[in-house]
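Architecture at a glance
These are the residues of each chain, in order.
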Amino acid sequence: MSSEIFTDAAEEEKSGPCAVVKSLDQIGSRWRLVVLHQLRNGEHRFNELKRATDASSRTLSRVLDDLQEMDFVDRRLEEDAPVATYYRLTPKGESLCPVFEEIETWADEWLADCQREP
């Protein structure tokens, strides 16, 4: 009986609050979430992301660098005129899409007073 308690506690430790906190440390900043959510719809140029997210150039650049370093986002540079930088989700970033869908479902049910942006 006592071994079951320790086994359950060990399993909870692996998937419990610690895992949630570590996950939110990776993706939990407002701007990271906004950018990751926007990239769910496919590859975007830097300026498209800037317009869609309303982030400043400096903030967006920093966030994209962070997400690229953490392997959530790939960066592609097209040097033909006009020079353009494109960003898209990596498989690691794409794996968050179902999480966003679940959060949206939860928000639709529990945050009815929250105004959605058009």
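Refer to the structure printed above.
1. Digging into the overall build of the protein chain
- Check the secondary structure of the protein chain and you find seven helices and three strands.
- Starting at the N terminus and ending at the C terminus, the protein chain contains elements arranged as α-α-α-β-α-α-β-β-α-α.
- When each of the 118 residues of the protein chain is scored for burial, the buried share is 25%.
- For the protein chain, long-range pairs separated by at least 24 residues make up 47% of all intrachain contacts whose partners lie at least 6 apart in sequence.
- Here the protein chain displays about 8800 Å² of accessible surface, and carbon together with sulfur accounts for 51% of that area.

2. A word on the packing of helix H4 (residues 46-53) against helix H5 (residues 57-69)
- Relative orientation of the contacting elements H4 and H5 amounts to 115°, with a least axis distance of 10 Å. Taken together, the axis directions place H4 and H5 in an arrangement best described as roughly perpendicular. Of the two possible hands of crossing, H4 and H5 adopt the one that is right-handed. Residue-level inspection shows Phe-46, Leu-49, Lys-50 and Thr-53 of H4 in contact with H5, the latter providing Ser-57, Leu-60, Ser-61 and Leu-64.
- Residues that form the contact of H4 with H5 fall into these classes: four nonpolar, three polar and one charged.

3. Regarding unusual backbone geometry
- In this structure, the amide linkage connecting Ala-81 to the following residue, Pro-82, adopts the cis form with an omega of -10°.
- Within the fold, Pro-82 resides in the loop between strand E2 (73-78) and strand E3 (84-89).
- Even without a glycine there, the phi angle at Asp-54 is positive, about 70°.
- For Asp-54, the position within the fold is in the loop between H4 and H5.
- By relative accessible area, Asp-54 is classed as exposed at 67%.

4. A short note on the packing of helix H3 (residues 30-39) against H4
- Between H3 and H4, the shortest axis-to-axis distance is 10 Å and the interhelical angle comes to 115°. Here the hand of the crossing between H3 and H4 comes out right-handed. Taken together, the residues of H4 that come into contact with H3 (itself represented by Trp-31, Val-34, Val-35, Gln-38 and Leu-39) are Leu-49, Ala-52 and Thr-53.
- Its residues assigned to classes, the contact of H3 with H4 shows six nonpolar, two polar and no charged.

5. A short note on the sheet that holds E2
- On the basis of which strands lie adjacent, the open sheet formed by three strands has the order E1-E3-E2 and antiparallel pairing. Only two strands of the sheet have a single partner each, and these edge strands are strand E1 (44-45) and E2.
- Pairing of E2 with E3 involves six bridges; the strand directions are antiparallel. Its bridge partner lying in E3, Asp-74 is registered against Arg-88.

6. What about a nonpolar patch on the surface?
- A contiguous nonpolar surface patch, about 370 Å² in accessible area, is contributed by Trp-106, Trp-110 and Leu-111.
- By secondary structure assignment, the location of Trp-106 is in helix H7 (residues 97-110).
- Owing to a relative accessible area of 46%, Trp-106 belongs among the partly exposed residues under this scheme.

The rules behind each value
Residues numbered from 1 in each chain as written. Predicted model: local features only at pLDDT ≥ 70, side-chain atom pairs only at ≥ 80, totals over all residues. Heavy atoms only, no water. Helix = DSSP H or I, 4+ residues; strand = E, 2+ residues; numbered from the N terminus. Buried < 20%, exposed > 50% of the residue type's maximum accessible area, 1.4 Å probe, protein only. Contact = heavy atoms within 4.5 Å. Areas by Shrake-Rupley, 256 points an atom, 1.4 Å probe, with all protein chains shown as cover. Axes fitted to C-alpha atoms, helices over the stretch in contact; angles between N-to-C directions. Parallel < 35°, antiparallel > 145°, perpendicular 65-115°, else oblique. Left-handed = near helix turned anticlockwise from the far one by under 90°. Nonpolar A, V, L, I, M, F, W, Y, C, P; charged D, E, K, R; others polar. Pairing = 2+ DSSP bridges. Patch = residues over 30% accessible without salt bridge, like charges linked within 9 Å, V, L, I, M, F, W, Y side chains within 5 Å. Salt bridge = Lys/Arg side-chain N within 4 Å of Asp/Glu carboxyl O.

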